[in-house]
Amino acid sequence: MSEWAEPGSAASPAEEDGGFDTVLVLDFGAQYGQLIARRVRECRVYSELVPHDLPVEEIAARRPKGLIFSGGPMSVYVDGAPRPDPRLYDLGIPILGICYGAQLMALQLGGTVAKTGVREFGKTTLRVTSNGLLLDGLAGEEQCWMSHGDAIAAAPEGFSTLAATDRAPVAAMEDRERGFYAVQFHPEVVHTPRGIDVLKNFLYEACDCTPNWTPASIIEEQVRRIREQVGLTDKAILGLSGGVDSTVAAVLVHKAIGERLTCVFVDQGMMRWKEAENVIEMFTRHLGIPLVAIDAKQRFLDKLVGVTDPEQKRKIIGEEFIRCFEEEARKHSDARFLVQGTLYSDVIESGTRQAAKIKSHHNVGGLPEKMGFELVEPLRLLFKDEVRAIGEELGLPERIVWRQPFPGPGLGIRIIGEITAERVDILQRADAILQDEVKKAGLYRELWQCFAILPVIRSVGVQGDERTYAYPIAIRAVTSDDAMTADWARLPYDLLEKVSSRIINEVPEVNRVVYDISSKPPSTIEWE
Ligand code: XMP
């Protein structure tokens, strides 16, 4: 986590007048913790994942309309198994326990949890005996997703049992009077098809939440908050990368403070084909947002002469980027604020995770402290898919809204060997063909990333009567949810053939195309 991204330090929208109803998800170490918050937000209710041991006073101060106890990997009986503070049950706030969270609720309120010793895992039939409030609208039998060892054996006093499975006699229970609800199954995963209805029953009926967390109202709210933070006269500066996050952040801040925002775009010469031109054109012509574009191509290439070590490349490109940005920022010394496109997932990710490190480069790490900027982070509460929805609502073009992730050092870490202007140009042309064909095949959005790599080696080929000695191009296409793990995409052979023959025909410096069929781990997505 970058040092200025403390979890929970951002004010919740619910804390302020005119904000959104909030449901807090207490994280007991669930695999699906974030997913619960996302699903709640899909129901148009603002939700945040918080540590399970966040003090009760702090939880109460956030004035949530509901609490959800997440699942967790432990047995409730294991020594040191995390438990919620029992005072949470006295706050008068409706609570939904899921899996481990349901067992905690049963145990703490006087029911019993049995060590079954048998795991119930995967798709399971849920037999609904009484719909109650929580299972309203569900049929007598529904499919649900289970993943547990222990199970609630007896519901606490005051609760009525709503459903059972073969191994879980109390698969759902509720005490409507006190506002306590629990499900042994996972309503947040797609394998529980009616799970979203269970969540909606909890959110709308039990918690009385208003479903107003929509792209339009998020925009309105964020614009209001930015105005409040920046005030009526101060100025802000933003480092634009051309990706969806910094673009959406720029448009939001521009909406809030207009021409008092200056966007700085450093063209380090290692973007994709025509991408730098596209960014400049979009901002200046279509969006009408003031943009300072710095052509630093040669400056970066000069620094990279003779450099082949990947980490050294990253360091040089990162430092040069900061230097360029700093030089420009000094010309705007009256700007008090620095806008960053930090996302909610960056905020909650632990510092040991790679994405956090990546972000520190991407977000011009080190600048705020050094230059005394105050940060504006209008996307801090949002998941990536929400940023995309907002981008669409703001009318941004599809190629920006749905752009795949692109590393800060750009094509610099996709040329395996020394970076030269000629190699960047070859790679850009080959990559453009790949992007074009993948988009035409309608597969672009399904892939986490697809790109070309240029290993600086040469191999023998034959074209016409001539022997060639030219570069290969490697194609990488992966599916992934979060870049932590990835699988190589099973692109259709016809598509691969088209890409290969177009690259070899249209890029004369290339005589061979190979497809990378490695997953992460043990490989990484990028080659360097
Ligand atoms: P790897 O190659 O580690 O990449 O599997 C995981 C994700 O991170 C991106 N990536 C970077 N992004 N600066 C960035 O801004 C970097 O130095 C960097 N290295 C990798 C990569 O594109 C993938 O999405």
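The residue numbers shown here count from 1 along each chain, following its written sequence. Thresholds applied to this predicted model are a pLDDT of at least 70 for local features of residues and 80 or more for the giving and counting of side-chain atom pairs; totals over whole chains, interfaces and linings are not thresholded and use all residues. By convention in this description, side-chain values take in all heavy atoms of the structure and omit both hydrogens and water.

On to the overall build of the chain. Counting its secondary structure elements, the chain contains 16 helices and 22 strands. Relative to a compact globule of 528 residues, whose C-alpha radius of gyration would be 24 Å, the chain shows 26 Å and is just as compact. Across its three principal directions, the C-alpha atoms of the chain cover 85 × 60 × 40 Å. Each residue is assigned to one of three classes by its accessible area relative to the maximum for its type, calculated with a 1.4 Å probe on protein chains only: buried under 20%, partly exposed between the two thresholds, exposed over 50%. Looking at the chain as a whole, 55% of its 528 residues are labelled buried. By the convention used here, residues are in contact when the closest approach between their heavy atoms is within 4.5 Å. Taking as baseline every contact in the chain between residues at least 6 positions apart, the subset at least 24 positions apart corresponds to 75%. Only the protein chains shown count as cover for residues, and all accessible areas are computed by the Shrake-Rupley method using a 1.4 Å probe. In the structure as shown, the chain presents an accessible area of about 22,700 Å², 50% of it carried by carbon and sulfur atoms. Neither His nor the chain ends contribute to the count of charged residues, in which Lys and Arg are positive and Asp and Glu negative. Note on charges: their place is set at NZ of Lys, CZ of Arg, CG of Asp or CD of Glu. One finds the centroid of the 60 positive side-chain charges in the chain at a distance of 3 Å from the centroid of its 78 negative side-chain charges. Helix and strand labels come from DSSP, where a helix needs a run of H or I of at least four residues and a strand needs a run of E of at least two; each type is numbered from the N terminus. This radius of gyration counts C-alpha atoms alone. The globule rule is 2.2 Å times how many residues there are, raised to the power 0.38.

This next bit is on the packing of helix α5 (residues 215-230) against helix α6 (residues 244-257). Helix axes are fitted only over the stretch in contact, all axes being lines through C-alpha atoms; the angle between N-to-C directions runs from 0 to 180 degrees. As a packed pair, α5 and α6 sit with axes 8 Å apart at the nearest point and diverge in direction by 65 degrees. The element α5 and its partner α6 pack so that their crossing is right-handed. Residues Ile219, Gln222, Val223, Ile226, Arg227 and Val230 of α5 form the contact with α6, whose own contacting residues are Leu252, Val253, Lys255, Ala256 and Ile257. Three classes are used, and their members are as follows: Ala, Val, Leu, Ile, Met, Phe, Trp, Tyr, Cys and Pro are nonpolar, Asp, Glu, Lys and Arg are charged, and the others, Gly among them, are polar. Partitioned by chemical class, the residues of the contact of α5 with α6 number eight nonpolar, one polar and two charged. Crossings are assigned a handedness: left-handed for a near helix turned anticlockwise from the far helix by less than a right angle, right-handed for a clockwise turn.

Across the junction of Lys520 and Pro521, the peptide omega takes the value -15 degrees, indicating a cis bond. Following the sequence through the fold, Pro521 ends up in the segment after β22 (510-515). Here the residue pair Pro521 and Pro522 is connected by a cis peptide bond, since its omega of 5 degrees sits within 30 degrees of zero. Positionally, Pro522 belongs in the segment after β22. Its identity as a non-glycine residue notwithstanding, Asp208 has a phi of 60 degrees, on the positive side. Mapped onto the elements, Asp208 comes out in the loop between α4 (195-206) and α5. Even without glycine at this site, Ala483 takes up a positive phi of about 70 degrees. For Ala483, the location among the structural elements is in the loop between β20 (466-479) and β21 (487-488). Using a relative accessible area of 21% as the deciding quantity, one classes Ala483 as partly exposed.

The buried fraction of strand β12 (residues 235-240) amounts to five of the six residues, a majority that puts the element mostly inside the structure. Strand pairing is assigned whenever DSSP identifies at least 2 bridges connecting the two strands. Pairing of β12 with strand β15 (residues 335-339) involves four bridges; the strand directions are parallel. Each bridged residue has a counterpart across the sheet, and for Lys235 the counterpart in β15 is Ala335. As paired strands, β12 and strand β13 (residues 261-267) are joined by five bridges and run parallel to one another. The partner of Ile237 across the bridge, within β13, is Thr262. Place the viewer so that the strands point away; then a crossover is right-handed whenever the path from the first strand over the helix to the second strand goes clockwise. Regarding the hand of the β-α-β motif, the stretch spanning β12, α6 and β13 is right-handed.

Structurally, the position occupied by Asp267 is in strand β13. Among all residues touching Asp267, those that are not within four sequence positions of it are Ala276, Ile294, Asp295, Ala296 and Lys297. As used in this structure description, the phrase polar contact means that two N or O atoms lie within 3.5 Å; if the pair is within protein, one of them must be able to donate a hydrogen and the other to accept it, and residues adjacent in sequence are counted only when both atoms belong to side chains. Among the polar contacts listed, one links the side chain of Asp267 to the side chain of Lys297, at a separation of 3.3 Å.

Here the focus is the pairing of strand β2 (residues 46-51). Extensive coverage of β2 is indicated by the burial of five of its six residues. Where strand β1 (residues 22-27) and β2 come together, six bridges link them in parallel fashion. Bridging across to β2, Val25 finds its partner in Leu49.

Our focus in this paragraph is the domain arrangement of the chain. Under the domain assignment, the chain is made up of domain 1 (22-206), domain 2 (215-401) and domain 3 (420-515). For domain 1 versus domain 2, the separation of C-alpha centres amounts to 39 Å. Counting residues at the interface gives eight residues for domain 1 and eight residues for domain 2. Basic side-chain nitrogens of Lys or Arg form a salt bridge, by our definition, when they fall within 4 Å of a carboxyl oxygen of Asp or Glu. The tally of links from domain 1 across to domain 2 stands at two salt bridges. The residue Asp385 makes a salt bridge to Arg38 at a minimum N-O spacing of 3.2 Å. In this structure, the connection of domain 1 to domain 2 is made through four residue pairs in polar contact (both at pLDDT 80 or more). Elements supplying a minimum of two residues to the side of domain 1 that touches domain 2: α1 (33-42) and β2. Per-element tally for the side of domain 1 that touches domain 2: the top contributor is α1, with four residues. What counts as a domain boundary in this text is fixed by an automatic or database domain assignment.

The next point concerns the sheet that holds strand β10 (residues 172-175). Read across the sheet, nine strands follow the order β2-β1-β3-β4-β11-β10-β9-β6-β7 without closing on themselves; strand pairing throughout is mixed. Two strands in the sheet have a free side with no partner beyond their single neighbour: β2 and β7 (141-148). Across the sheet, the mean angle from the axis of one strand to that of its neighbour is 25 degrees, orientation sign disregarded. With two bridges joining them, strand β6 (residues 120-128) and strand β9 (residues 160-164) adopt antiparallel strand pairing. Within β9, the residue paired with Arg127 across the bridge is Ala164. α1 rests against β1, β2, β3 (66-69) and β4 (95-98) of the sheet, and its axis sits at about 160 degrees to β2.

Quick look at the nonpolar core now. Val248, Leu261, Phe283, Ile473 and Ile503 are the most contacted members of the largest nonpolar core, which has 92 residues in total. Looking at this core element by element, the count peaks at nine residues for α6. When residues are assigned to domains, this core turns out to be shared by domain 2 (215-401) and domain 3 (420-515), each giving three or more. Sequence-distant contacts of Val248, defined by excluding residues within four places in its chain, comprise Leu379, Val387, Ile390, Gly391, Leu394 and Leu396. Membership of the second largest hydrophobic core comes to 38 residues, among which are Leu138, Leu162, Ala163 and Tyr344. As used here, the term nonpolar core means buried Ala, Val, Leu, Ile, Met, Phe, Trp, Tyr and Cys residues forming a set that is joined through side-chain atoms within 4.5 Å.

So, on to the sheet that holds strand β14 (residues 291-295). Pairing within the open sheet is parallel, and its five strands lie in the order β14-β13-β12-β15-β16. The sheet terminates laterally at β14 and β16 (374-376), the two strands that pair on one side only. The sheet shows a mean angle of 30 degrees between the axes of neighbouring strands, direction not considered. Of the strands in this sheet, β15 and β16 are in contact with α5, which crosses β16 at around 170 degrees.

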